[in-house]
Amino acid sequence: MAASSADTWYSNPFPLVPVVRLGPSADLGEAPVEAADSGNAHVPTQILGELQGLVRDYLRDRPRGGRRGRAIAVVGEFGLGKSHAAREVCNALARPDGPALWIVDEPAQDFGRMYRDRLRGPADSPEGRAAFEELVRDYYAYVTAVRVGEQSSDPRPGRPDDIPLGDIALDDIATGLRDRVLDPDKVVSALRYDPEVMHADLRVTLGEVTEHRRFATALALLQDPRFTSMVWAWLSGDEPAQQLRERGIRDAVSGIDPVFDALAVQGFLHGRVGKPYVLLIDSLEKVLDWPEEPRRTFVDAFERLVNVYVSRGGLLVFCTSPRGLNAFRPSLHERVVQLWPTRFGAELTARLVAEYVGSGARPGAAEGADATERWPAPFGSASVEILQELTGGVPREILKTCHHAWQLSEDGVGAVREVSAATVLRAVRDLHDNVSEDQVLSTIHDALALGQWRIASRDPVPARGADAGGPATVAYWLEPVPNAYIAIVVVPSVLVADDEERITARVRALRSALHPAQAEVLLVVNGHVSRTMRDRVARSLGSQPLVYRPGDFTQAVNQALDRLRARLTQLRQEADLAELTTELRSALGEHGSQLGQLRRTVSDLARRDLVAAAPGPVRSALPEPVEGRFEEVFALLDAAVERLAVHPPGGDAVGPALRAGPADLAALGCATLVRQLTETFRTGADAWFRAASPGAPGEEQWARLRLICREYETAVEVLPVQALGGAGPVHRPTVARAVEALADEVWGDLVSAFRVP
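Engineer: Help me understand the nonpolar core, please; the structure alone is not making it clear to me.
Structural biologist: In terms of nonpolar packing, the biggest core is built from 83 residues, with F132, F260, L279, F298, F302 and L316 touching the most fellow members. Formed by 38 residues, the second largest nonpolar core is a distinct cluster that contains L622, L705, C709 and L742.

The structure is reproduced here in structure tokens:
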């Protein structure tokens, strides 16, 4: 919807820096800073409704045996409205009749200073101090009632006449103390109890919460007017007075553990007497930036505090990022209720814009439908739609963009009649394209130096004509592995389809000039890229773009380059494997052709035996049984060679050799090699036999024969002779069996030939 010409706005209602701080003040001192506060308007969301519902349930919960405590974590990325939700809860609870409330805007590493100067709680006002002192008296009455109840069966001791207890039983006195009808000091005096016994009881009970009994001592002294101001000064973070030092309170409440102990003790007191108490902590993820030791101390202390609040009837609400929540142990995750804000859709975006533009002056129903319809102007529906898309529905980004788009839409006198979609687009570019390209290139250069990346000695794709300095500048060509490259391409904001198409065309042109396995691209966006455009670019390029952000960008560049190098290495390996596979297939094809020719030759020779066609060995002088065993093995091997060459396993009658696989070729080679070994074995045995006859061989000659047989046996053991298959009918030996047994059989036959008379 667009504004009519009669609609004119003069004051920019959107905050320059949209931030939310807990409590009444915004950002600078006690004076509210309107331009730095994003709380001028409120849009009800599901997450806010759930949070407020949990708080209401906690305040209504008053079962017997004590209030049930709970911890709530509002978890989300920056700008999603976590602090806004916490402040709505804060505003609802920060009232005179509200529960005790402690507020921490954000944790600071100097925890003592934060506790003293920034933490807001009941002690900040005279009313809060009076309420806390009354709470301590209530707890004192509670402890006294327990002691009176324990002694209700004992005879009632004497009392001064001015205490109007009359004949009231001890059980009734205990009830009066619990109901806060009777004064515990007067009861202690009347029953002649030692106040120090009551203070010791208080210290023992508080010892359940903290190891530092000094808090129990301080709270006991808070009842004494002589020490009240001293105790309050110490509880507020000051150094203890001398009178407190003499009573064991020697150090100020400073440091992470003491501060959390103070919060735990004060909350514990409220829980003991059945009163609600609340702690709100914002920006908990700031702890992640601390050094390791204080960060670990904070995590441990915070988890203890959560346990106290959950088990002692308190309400703890804290806001953090997902990374901040993950810094805690899984046991804490199980004890907190997690609420996750979501991004705004088009409807909530329009409502947020309308709330700010309206500035509390939304037309009522009596003013007519036309006035109500024009109320969200000057932002029309097209402007709101592109606003939601470019900001990703993040409320903080929506408000920042609206503020700048409003400024761009002002005329010479500061009047605004319409904020167009084109103006919103320009505002996004102005807000995010604010870092010079030289700065980005300098940071990339530092990242490459940090990672010791090899810069290519020459550009594999030289810049050409209009491509140079265009929308996609190649900052560096890297050569992480030989003859493989990574191009670092720097582009401005990617906001609309035209931006994505120009960048994609440029990157595809770079890749087309190289082999697909030789190039990867790291796209660095100097500006802003919407979620929609990020997904489109990632699908087109095959990798996610990297958005320049000051801070840890050098580490981000190195991590991205490491992943691209690993991918490039994998692509090169796959390409090499594919090339090798192609070469093997070509070689197998040629070998298959040769086998086919061999088959045709065998057919032309009337299917004569393949090996018989070649000249056989000269007949040896070996005895007939030995020669017969060699001839049998030769026959089996020749049959195997013919079978594999003419009809390989899995083949058919039409050109089987052309389809011979690697296993068939391996079996054929094995058969050929075994035949050669067998011929060598027969030649060696024949030479030995000729040298040994006609006399009986000596021991040295027998040793020579054993060596000949053993060499053959060892050679065939390592060959896959089982792959040669059967040799005919099942009652005949297989090729493998004949070959494996040949050495033993030849040895036995030759020994028998010389020893038989």
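Moving on from the model shown.
Engineer: So what exactly am I meant to see when it comes to the environment of Q109 here?
Structural biologist: With respect to the secondary-structure elements, Q109 resides in the loop between β2 (100-104) and α3 (111-118). Linking Q109 and G255, residues 146 residues apart in sequence, is a C-alpha distance of 8.9 Å. Setting aside its immediate chain neighbours within four residues, Q109 contacts W290, P291 and P294.

Engineer: Quick question: what am I supposed to make of the pattern of salt bridges here?
Structural biologist: Close approach of charged atoms lets side chains of opposite charge pair. Throughout the structure, instances matching the rule amount to 29 salt bridges. Where R565 meets D562, a salt bridge forms, and the shortest distance between an N and an O atom there is 2.8 Å. Here the residue R565 and the residue D562 both occupy positions in helix α23 (residues 553-604), the gap between them amounting to three residues, near one helical turn. On the accessibility criterion, R565 (32% relative accessible area) is partly exposed. The structure contains a network of salt bridges with shared partners spanning D300, E303 and R329.

Engineer: Sorry if this is basic, but what is going on with the sheet that holds strand β9 (residues 546-547) here?
Structural biologist: Paired through their backbone hydrogen bonds, the strands of a sheet run either parallel or antiparallel. If you walk across this open sheet you meet the four strands as β6-β7-β8-β9, and the pairing is mixed. Strands at the two margins of the open sheet, each flanked by one partner only, are β6 (473-481) and β9. Here strand β8 (residues 519-525) pairs with β9 via two bridges, running parallel. Looking at β9, one finds that V524 is bridged to L546. Against the sheet, helix α20 (residues 437-451) touches β6, β7 (484-491) and β8, its axis set at about 10 degrees to β6.

Engineer: I'm lost on unusual backbone geometry in this one. Help?
Structural biologist: A negative phi holds for most residues other than glycine; trans holds for most peptide bonds. If you check the backbone angles, Q452 has positive phi at about 50 degrees while not being a glycine. Take Q452: it is sitting in the loop between α20 and β6. Residue Q452 is classed as exposed on the basis of its relative accessible area of 70%.

Engineer: Mind showing me how you'd approach helix α1 (residues 46-60) here?
Structural biologist: Structural remark: α-helix, 3.6 residues per turn; residues separated by three or four positions point the same way. Relative to the 21 Å expected for 15 residues at 1.5 Å per residue, α1 spans 21 Å between its end C-alpha atoms, a close match to the ideal helical length. Listed in full, the buried residues belonging to α1 are I47, L48, L51, G53, L54, V55 and Y58. Contact partners of the buried residues in α1: β1 (70-75), α2 (82-93), β3 (277-281), β4 (315-320) and β5 (336-339).

Here is what the cut-offs are and how they apply
- Residues numbered from 1 in each chain as written.
- Predicted model: local features only at pLDDT ≥ 70, side-chain atom pairs only at ≥ 80, totals over all residues.
- Heavy atoms only, no water.
- Core = buried A, V, L, I, M, F, W, Y, C linked by side-chain atoms within 4.5 Å.
- Buried < 20%, exposed > 50% of the residue type's maximum accessible area, 1.4 Å probe, protein only.
- Helix = DSSP H or I, 4+ residues; strand = E, 2+ residues; numbered from the N terminus.
- Contact = heavy atoms within 4.5 Å.
- Salt bridge = Lys/Arg side-chain N within 4 Å of Asp/Glu carboxyl O.
- Pairing = 2+ DSSP bridges.
- Axes fitted to C-alpha atoms, helices over the stretch in contact; angles between N-to-C directions.
- Expected span 1.5 Å × (residues − 1).

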